[in-house]
Amino acid sequence: MTNKKRVLSGMRPTGPLHMGNYLGALANWIDIQDDCECFFFVADWHALTSNYEDPGDLENLVRQIIIDWLSSGIDPEKSTLFVQSKIPEHAELYLLLSMITPVPWLERNPTYKDQILQLQNKDLSTFGFLGYPVLQAADIIIYKANAVPVGVDQVPHVEITREIARRFNYFYGNVFPEPDAILTQTPKILGIDRRKMSKSYENAIFLSDGPEQLQKKVMQMVTDPQRMRRSDPGNPDVCNVFEFHKLYTDSSKNAQIDEDCRCAKIGCVDCKKIMAANLIQALAPMREKRDFYVHNQDTVNDIVEQGSQKARQIARQTMVQVRNAMNITY
Ligand code: TRP
Ligand code: SF4
């Protein structure tokens, strides 16, 4: 046993991860691995809450996201990686928690209302979609996680988790800790068109993009919109290219670019070339790891298999306590 804090988080397998996902969540997972006992899982059942009509090739999506994690620095020696649907105990706890969860808690969940508005092309008037946070609560508390690193959009879900855990403990005795959300700072980087980076806007830089794609996307990036001509001075403070420089270019060189941009000494094309080269270089180790895992899919399967076994053991133990607490002990 360790007395490190236990951390758990998950992502839905909805496609390749982009730099926004990386800087917004994954980078935090990677940092936390040394100090905490970490569990990271693919929420494949959660993907079905809104994509139930066409699950797509879920198996492939699951593998893709695991490869994204592994290649960007999630270390299977340090963290336990698993897939939700391999641990049926989540479903059992979800069912039991559904007995004690008041429907109004779910109806007033801000992400619920928001998604129904946003995804009007989908019929989200399902039981499963309303129950999304109950399944998420089960995911978290079945491991008695103390902390959940997430983006700010997920805070309401962690809050509902705390309320459900509290209600369970009140009815049946103290089984679950109430987890804290660990907030990930949202990165300032935008998509190449200057809107929020998102797969659905087709403006994303993916972790799986190779050097040529990276170069091409950087060259397409919208810069300071006020800078029309090469001779116009620019403003790095409002330029998305410069946000990337801050992350991937030495600070001494950055200061020079900042200065040269403001007096039109450097043009956007040259500025982007420098940034693209640094970005490509920074992502090179990831690309190497990706190559390895893409060519060693058995290793990926083993990692998931072993992680799922380890997770399942813990989930099983918790379920024994839950059944005892609720007198379901035949
Ligand atoms: N709802 C999360 C998301 O969309 C995914 C998720 C499911 C999750 N279960 C979780 C995150 C448990 C943290 C903990 O990103
Ligand atoms: Fe942005 Fe660089 Fe162009 Fe300045 S020179 S506006 S920092 S791309």
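In this text the structure is predicted, and so the values were computed from the model without any measurement. (Residues numbered from 1 in each chain as written. Chains lettered and ligands numbered in written order. Predicted model: local features only at pLDDT ≥ 70, side-chain atom pairs only at ≥ 80, totals over all residues. Heavy atoms only, no water.)

## A few points about the overall build of the protein chain
Stage number 1. The number of helices and strands found in the protein chain is 14 helices and five strands.
Stage number 2. By its C-alpha atoms, the protein chain is 80 × 40 × 40 Å across when sized along the principal axes.
Stage number 3. Scored against the burial criterion, the 330 residues of the protein chain give a buried share of 49%.
Stage number 4. A separation of at least 24 residues holds for 79% of the contacts in the protein chain among residues at least 6 apart in sequence. (Helix = DSSP H or I, 4+ residues; strand = E, 2+ residues; numbered from the N terminus. Buried < 20%, exposed > 50% of the residue type's maximum accessible area, 1.4 Å probe, protein only. Contact = heavy atoms within 4.5 Å.)

## Some points on the packing of aromatic side chains
Stage number 1. Scanning all chains against the criterion turns up 11 aromatic pairs.
Stage number 2. With a centroid separation of 5.6 Å and 20° between ring planes, the pair formed by Phe 39 and Tyr 143 is classed as stacked. Of this pair, Phe 39 sits in strand S2 (residues 37-42) while Tyr 143 is found in the loop between helix H8 (132-141) and strand S4 (147-150), placing the two residues 104 residues apart along the sequence. As far as the burial class goes, Phe 39 and Tyr 143 line up, both buried.
Stage number 3. Plain terms: the ring middles of Tyr 170 and Phe 171 are 5.7 Å apart, the flat faces sit at 50° to each other, and that makes the pair tilted.
Stage number 4. Judged by its relative accessible area of 42%, Phe 171 falls in the partly exposed class.
Stage number 5. Every member of this aromatic cluster is reached through a ring pair, and the members are Phe 168, Tyr 170, Phe 171, Tyr 172 and Phe 176.
Stage number 6. The lysine or arginine in question, Arg 195, covers the ring of Tyr 201, its NZ or CZ lying 4.1 Å from the ring centre. (Phe/Tyr/Trp six-rings, centres within 6.5 Å; stacked < 30°, edge-to-face > 60°. Lys NZ or Arg CZ within 6 Å of the ring centre and 35° of its normal.)

## Examining the nonpolar core
Stage number 1. If you look at the biggest cluster of nonpolar residues, it comprises 54 residues, and the most contacted ones within it are Met 19, Leu 26, Phe 40, Ile 66, Trp 69, Phe 244 and Leu 279.
Stage number 2. Two domains each donate at least three residues to this core, and these are domain 1 (5-189 + 297-325) and domain 2 (211-282).
Stage number 3. The contacts of Trp 69, once residues within four sequence positions are left out, are Met 11, Leu 17, Leu 26, Trp 29, Phe 40, Phe 41, Val 42, Ile 74 and Leu 81. (Core = buried A, V, L, I, M, F, W, Y, C linked by side-chain atoms within 4.5 Å. Domains from an automatic or database assignment.)

## Some remarks on unusual backbone geometry
Stage number 1. For Arg 194, which is not a glycine, the phi torsion comes out positive at approximately 80°.
Stage number 2. According to the relative accessible area criterion, Arg 194 is partly exposed, its value standing at 30%.
Stage number 3. In this model, Asn 327 sits at a positive phi of 60°, which is unusual for a non-glycine residue.
Stage number 4. Structurally, Asn 327 is set in the segment after helix H14 (297-325).
Stage number 5. Overall, Asn 327 belongs to the exposed group, its relative accessible area being 62%.

## Re the site of ligand 2
Stage number 1. Close to ligand 2 lie Thr 223, Asp 224, Arg 227, Cys 239, Val 241, Phe 242, Cys 261, Cys 268 and Cys 271.
Stage number 2. Residue assignment for the shell around ligand 2 shows that the elements contributing at least two residues are helix H11 (240-248) and helix H13 (268-295).
Stage number 3. Among the residues forming the shell around ligand 2, the class breakdown is six nonpolar, one polar and two charged. (Near = heavy atom within 4 Å. Nonpolar A, V, L, I, M, F, W, Y, C, P; charged D, E, K, R; others polar.)

## Digging into the site of ligand 1
Stage number 1. Near ligand 1 lie 14 residues; those nearest to it are Arg 12, Tyr 132, Gln 136, Asp 139 and Gln 154.
Stage number 2. At 3.0 Å from an oxygen atom of ligand 1 is found a side-chain nitrogen or oxygen belonging to Arg 12.
Stage number 3. A distance of 3.0 Å separates a nitrogen atom of ligand 1 from a polar atom in the side chain of Gln 136.
Stage number 4. When contributions to the shell around ligand 1 are tallied by element, the ones reaching two or more residues are strand S1 (6-11), H8 and S4. (Polar contact = N/O pair within 3.5 Å; in protein donor to acceptor, adjacent residues only side chain to side chain.)

## Some points on the domain arrangement of the protein chain
Stage number 1. Domain parsing of the protein chain yields domain 1 (5-189 + 297-325) and domain 2 (211-282).
Stage number 2. Placing the centre of domain 1 and that of domain 2 at their C-alpha centroids yields a distance of 37 Å.
Stage number 3. The interface of domain 1 with domain 2 comprises five residues on the first partner and six residues on the second.
Stage number 4. Summed over both partners, the interface of domain 1 with domain 2 comes to about 430 Å²; 75% of that surface belongs to carbon and sulfur atoms.
Stage number 5. Looking only at domain 1, the three residues that lose the most surface to domain 2 are Met 19, Lys 188 and Ile 189, adding up to 83% of its buried area. (Buried area = accessible area lost by both parts, 1.4 Å probe.)

## With respect to the environment of Gly 267
Stage number 1. Examined against the element boundaries, Gly 267 turns out to sit in the loop between helix H12 (251-262) and H13.
Stage number 2. With a relative accessible area of 4%, Gly 267 lands in the buried category.
Stage number 3. Through-space distance from the C-alpha of Gly 267 to that of Gly 234 is 8.9 Å; in sequence the pair is 33 residues apart.
Stage number 4. Setting aside chain neighbours within four positions, we find Gly 267 in contact with Arg 227 and Arg 230.

## Some thoughts on the environment of Gly 210
Stage number 1. Positionally, Gly 210 belongs in the loop between strand S5 (180-183) and helix H10 (211-220).
Stage number 2. C-alpha of Gly 210 to C-alpha of Asp 35: the two residues are 175 residues apart in sequence and 32 Å apart in space.

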